[in-house]
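# Commentary on secondary and tertiary structure
Each chain is listed here by its residues.
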Amino acid sequence: MTSTLPSSFSAATDSPTVVPETVVPESAPLPVSLRIRQRLDAAGVPYLANDNIAEQLRDGEMDQLEIEVAGKVRELLRSLVIDIDNDHNTEETAERVARMYLHEVFKGRYHHQPKIASFPNVKKLDEIYTVGPISIRSACSHHLVPILGNCWIGIKPGDRVIGLSKFSRVADWVFSRPHIQEEAVMILADEIERLCKPQGLAILVKAQHYCMKWRGVKEPQTSMVNSVVRGDFRHDPSLKAEFFELVKQQESMLGT
Ligand SMILES: [Zn+2]
């Protein structure tokens, strides 16, 4: 008795000569990515490129994913007609790329959110402040090439506050996924609201997209700027203007 992995092969065929390449013994374990996807489907948990799935991963599965992804990258390199068996430069590229995706550039999909403690706003601070520039590193969902830039976060505190460095940590975690910039900013805003429930929140992102610089239209100078404003920043135009003024001052401190 055998089973097939995703294949268009029809079991109804009578022909004894048709043997699909993907036939595996029933006892063979399913690829770990398939097991995880089945679990996510059963739980109704989305796993789009910019979703985090850490809650659904079990012990040891990241190591198994690393092996599976490396195998696929090896096949990709072979399909690109690269002689990885004799090329000393690409010999271990598959393993490096697998580690890079799972633990570095896309870690925000697989790793838990960094531990971020919030504290009561004892002094009832309600003046706005901004933090930035925070470096952001992401990749576009369409081509998986880098998006690099800066982000500024404006806060009008609510009942809880978090340390300044924590904004960098949560931004790094959110941006370390394949994204489109518009959604990345919304997801970061949702996470910050969850962490400290500010009365007002503003985020500005300025980024360069390598799918425009490196390929496609090849526009090296073009950048994308977008923002999200919530709570008091949304309702009070003077507060919103103050945020953008503070960002301008922070930018001038960079001397660029
Ligand atoms: Zn792209």
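Okay, so let's go over this structure.

A few words on the coordination of the zinc ion. Donor atoms from the polypeptide that coordinate the zinc ion comprise Cys140 (SG), His143 (ND1) and Cys211 (SG), at 2.2 to 2.5 Å from the metal. If you list the donors of the zinc ion from N- to C-terminus, the spacing comes out as C-x2-H-x67-C. Taken together, the residues span a long stretch of sequence, with His143 in the loop between β4 (129–140) and β5 (146–156) and Cys211 in helix α7 (residues 210–213) at a distance of 68 residues. Classification of His143 as partly exposed rests on a relative accessible area of 36%. Judged by its relative accessible area of 14%, Cys211 is buried.

Per the stated rule, a full pass over the model turns up three aromatic pairs. With a centroid separation of 4.9 Å and an interplanar angle of 5°, the aromatic rings of Tyr101 and Phe106 are classed as stacked. Residue Phe106 is classed as buried on the basis of its relative accessible area, which comes to 6%. Their ring planes at 70° and their centres at 5.1 Å tell us that Phe243 and Phe244 sit as a pair that is edge-to-face. Accessibility expressed as a relative area gives 0% for Phe243, which makes it buried. Chaining the aromatic ring pairs together yields one cluster made of Phe233, Phe243 and Phe244.

Turning our eyes to something else, we now look at helix α1 (residues 32–43). With twelve residues, α1 should cover 16 Å at 1.5 Å per step; its first-to-last C-alpha distance of 17 Å lies within 8% of that length. All buried positions along α1 are accounted for by Val32, Ser33, Leu34, Ile36, Arg39 and Leu40. Tucked inside the fold, the buried residues of α1 contact α2 (61–79). Of the residues trailing α1, Gly44 is marked for its positive phi of about 70°.

Taken N-terminus to C-terminus, the directions of α2 and helix α3 (residues 93–105) make an angle of 130°; their axes are 8 Å apart at the nearest point. Taken together, α2 and α3 sit at an angle that is classed as oblique. Of the two elements, α2 crosses α3, and the hand of that crossing is right-handed. Counted together, Met62, Leu65, Glu66, Val69, Ala70, Val73, Arg74 and Leu77 of α2 and Thr93, Ala94, Glu95, Val97, Ala98, Arg99, Leu102 and His103 of α3 form the full contact between these two elements. Counted by class, the contact of α2 with α3 contains ten nonpolar, two polar and four charged residues.

Rules of the game
- Residues numbered from 1 in each chain as written.
- Predicted model: local features only at pLDDT ≥ 70, side-chain atom pairs only at ≥ 80, totals over all residues.
- Heavy atoms only, no water.
- Donors = N, O, S within 2.8 Å, 3.2 Å for Na, K, Ca; no water.
- Helix = DSSP H or I, 4+ residues; strand = E, 2+ residues; numbered from the N terminus.
- Buried < 20%, exposed > 50% of the residue type's maximum accessible area, 1.4 Å probe, protein only.
- Phe/Tyr/Trp six-rings, centres within 6.5 Å; stacked < 30°, edge-to-face > 60°.
- Expected span 1.5 Å × (residues − 1).
- Contact = heavy atoms within 4.5 Å.
- Axes fitted to C-alpha atoms, helices over the stretch in contact; angles between N-to-C directions.
- Parallel < 35°, antiparallel > 145°, perpendicular 65-115°, else oblique.
- Left-handed = near helix turned anticlockwise from the far one by under 90°.
- Nonpolar A, V, L, I, M, F, W, Y, C, P; charged D, E, K, R; others polar.

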